[in-house]
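Secondary and tertiary structure notes
This is what each chain is made of:
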Amino acid sequence: MKKLKLITVCLILIGIGSLSYYIFGQEHRYAKSYAHQFFNYPLPPKTEIMEKDFDHGVLYGGGPSGNGGYPTVASYMKLSSELSEKEIFNYYYKKHFDIYFEGDETMEKDSKGRIWYEGKNAVKEDLSIENNKGRPIQFIIQSKKEFSYPFFISF
């Protein structure tokens, strides 16, 4: 009888622990899913990924103030390409990604060390049409989005 009670208590604790993990880990799972959609967007030809990362949180990512306490996910990739700035812009602009060419961005960091980029987003009229074969240019594409998920509690 004692053994049955002990097994029952253990099963209840495991169930509560699993449910808690599921509920409190949802924000990260939703952010990770969004980031992977961004990372899986096909690269243009002659382009390589140098670095990629994402992070998320409430009051993070330079999102609009007064966002109701919703979390923001910011995903970015640093890329290197032999394409012209105009070709890169035309490829990524249709997806509404932020595009920062080298020197047009500043890396922002919050108190928890989470980073995102701000700066002069590429504008079609200011772009070079020069091909960069043999001397690739570097740039950053970024996507930021506010999101919510089941069991989300706004502050």
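Described below are features of the structure shown in this document.

1. A look at the pairing of strand β4 (residues 105-109)
Bridge analysis of β4 against strand β5 (residues 115-119) gives five bridges, and the strand direction is antiparallel. Paired with methionine 107 across the two strands is tyrosine 117, which belongs to β5. Taking the residues between adjacent antiparallel strands as the criterion, β4 and β5 are bridged by five residues, where glycine 113 takes a positive phi near 85°.

2. A closer look at helix α2 (residues 26-39)
With 14 residues, α2 should cover 20 Å at 1.5 Å per step; its first-to-last C-alpha distance of 20 Å lies within 8% of that length. Of the positions making up α2, those classed as buried are Gln26, Glu27, Ala31, Tyr34, Ala35, Phe38 and Phe39.

3. Side note on unusual backbone geometry
With a phi angle near 60°, lysine 46 is a residue other than glycine that sits in the positive phi range. Take lysine 46: it is sitting in the loop between α2 and β1 (47-58).

4. Observations concerning the packing of aromatic side chains
Scanning the model with the defined rule gives 11 aromatic pairs in all. For the ring pair tyrosine 91 and tyrosine 92, a centre distance of 5.0 Å and an interplane angle of 80° mean the geometry is edge-to-face. Tyrosine 92 matches tyrosine 91 in its accessibility class, with the two residues each being buried. Between lysine 94 and the ring centre of tyrosine 91, over which it is positioned, the NZ or CZ distance is 5.1 Å.

5. Notes on the nonpolar core
Judged by nonpolar contacts, the single largest core of 24 residues is most densely connected at Ile88, Tyr92, Ile99, Phe101, Phe139 and Ile141. Among the elements of the structure, α2, β2 (71-81), α3 (85-93), β3 (98-101) and β6 (137-146) are those that each provide at least two residues to this core. The element best represented in this core is α2, accounting for five residues. Formed by five residues, the second largest nonpolar core is a distinct cluster that contains Tyr76, Tyr100, Ile115 and Ile140.

Cut-offs used in this document
Along each chain, numbering runs from 1 in the same order as the chain's sequence is written. Side-chain atom pairs in this predicted model are given and counted only at pLDDT of 80 or more, local residue features only at pLDDT of at least 70, and totals for whole chains, interfaces and linings cover all residues. The basis for every side-chain value is the complete set of non-hydrogen atoms in the structure, without hydrogens or water. When DSSP finds two or more bridges between a pair of strands, those strands are recorded as paired. Counting from the N terminus, the helices are DSSP H or I runs at least four residues long and the strands are E runs at least two residues long. Multiplying 1.5 Å by the residue count of a helix minus one yields the expected span of that helix. With a 1.4 Å probe rolled over the protein chains alone, any residue whose accessible area is under 20% of its type maximum counts as buried; one over 50% counts as exposed, and the rest are partly exposed. The pairing test for Phe, Tyr and Trp rings, Trp by its six-membered ring, is centres within 6.5 Å, and the orientation test on the planes gives stacked under 30 degrees, edge-to-face over 60, and tilted for anything in between. Only Lys NZ and Arg CZ are tested; either one counts as a charge over a ring when it is within 6 Å of the ring centre and within 35 degrees of the ring normal. In plain words, nonpolar cores are sets of buried Ala, Val, Leu, Ile, Met, Phe, Trp, Tyr and Cys residues tied together by side-chain atoms within 4.5 Å.

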